[in-house]
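Report on the structure
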Amino acid sequence: GAEVTPNQLFRNDGPDAQGGWKFTPVTDECGCSLVGAGMGLALGDVDRDGRQDMYVTNMLWPPTHTDGEHLYRNLGWLVFE
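Here's what I pulled together on the structure shown here. Sequence positions are assigned chain by chain, starting from 1 and proceeding in written order. Restriction of local features to residues with pLDDT of at least 70 applies here, the model being predicted, together with a cutoff of 80 or more for giving and counting side-chain atom pairs; totals for whole chains, interfaces and linings are based on all residues. For side-chain calculations, the full set of non-hydrogen atoms in the structure is used, while hydrogens and water are omitted.

1. Looking at the overall build of the protein
The helix and strand labels rest on DSSP assignments: H or I over at least four residues marks a helix, E over at least two residues marks a strand, and numbering proceeds from the N terminus. The secondary structure content of the protein amounts to one helix and nine strands. Starting at the N terminus and ending at the C terminus, the protein contains elements arranged as β-β-β-α-β-β-β-β-β-β. Burial classification: accessible surface area is computed with a 1.4 Å probe over protein chains only, and a residue below 20% of its type maximum counts as buried, one above 50% as exposed, and the rest as partly exposed. Residues classed as buried in the protein amount to 26% of the 81 residues present. Between two residues, a contact is recorded if the distance between any of their heavy atoms is within 4.5 Å. Taking all contacts inside the protein whose residues are at least 6 apart in sequence as the whole, residues at least 24 apart take part in 35%.

Put into C-alpha cells, the structure is as follows:
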C-alpha cells in the first residue's frame, strides 16, 4: 500500500549564508496540510485572480474524502482554501 502522510509546503526564502538555499516550512499556516497519498502537483491560476493555485493528485484508488485529489485555491498572503 501507499504511505499516507500530511502534505508539506515550504516557502523559498532565497540564498543562505553558506551559498545554499533556505526553505521555511509553512504548511500549518497555509491550510494545505491534509493527509493523503499525493503523487503530483500542478500549479495554475484556475480562478483567474492572479494568484497561483495548487492541485495535488492522489495515488490511491478509489480515493476517499481525506486522501483524494485536492484543489487548493490561493487566497493570498500564503493562505489556501
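Moving on from the coordinates now.
2. What about the pairing of strand β2 (residues 10-15)?
With four bridges connecting them, β2 and strand β3 (residues 21-25) associate as antiparallel partners. Bridge pairing in β3 places Pro15 opposite Trp21. DSSP bridges decide pairing: two strands pair if at least two such bridges lie between them. Counting the residues that bridge the hairpin from β2 to β3 gives five residues, and of these Gly19 lies at a positive phi of roughly 90 degrees.

3. Considerations on the nonpolar core
Think of a nonpolar core as a cluster: buried Ala, Val, Leu, Ile, Met, Phe, Trp, Tyr and Cys residues, connected wherever their side-chain atoms sit within 4.5 Å. Core analysis: the largest hydrophobic core is formed by eight residues, namely Leu9, Val26, Cys30, Cys32, Met54, Val56, Tyr72 and Phe80. Among all residues touching Met54, those that are not within four sequence positions of it are Leu9, Cys32, Leu41, Ala42, Leu43, His70, Leu71, Tyr72 and Phe80.

4. Examining the pattern of salt bridges
In what follows, salt bridge is the name for a side-chain nitrogen of Lys or Arg lying within 4 Å of a carboxyl oxygen of Asp or Glu. Taken as a whole, this structure holds four salt bridges when the rule is applied. The closest approach of N and O atoms between Arg11 and Asp13, which form a salt bridge, is 2.6 Å. Given a relative accessible area of 31%, Asp13 falls into the partly exposed group. Across the pair Arg73 and Asp47 runs a salt bridge whose closest N-O atoms are separated by 3.0 Å. Of this pair, Arg73 sits in the loop between β7 (70-72) and β8 (74-76) while Asp47 sits in the loop between β5 (38-44) and β6 (53-58), placing them 26 residues apart in sequence.

5. As for the environment of Arg51
Note on placement: Arg51 falls in the loop between β5 and β6. It is 6.0 Å that separates the C-alpha atoms of Arg51 and Asn74, two residues lying 23 residues apart in sequence. Those residues in contact with Arg51 that sit more than four places away from it in its chain are Gly44, Asp45, Asn74, Leu75 and Gly76. Looking at Arg51, its side chain comes within polar contact range of the main-chain oxygen of Asn74, at 2.9 Å. Polar contacts here mean pairs of N or O atoms no more than 3.5 Å apart (in protein, one a potential hydrogen donor and the other a potential acceptor; neighbouring residues in sequence count only if both atoms are side-chain atoms).

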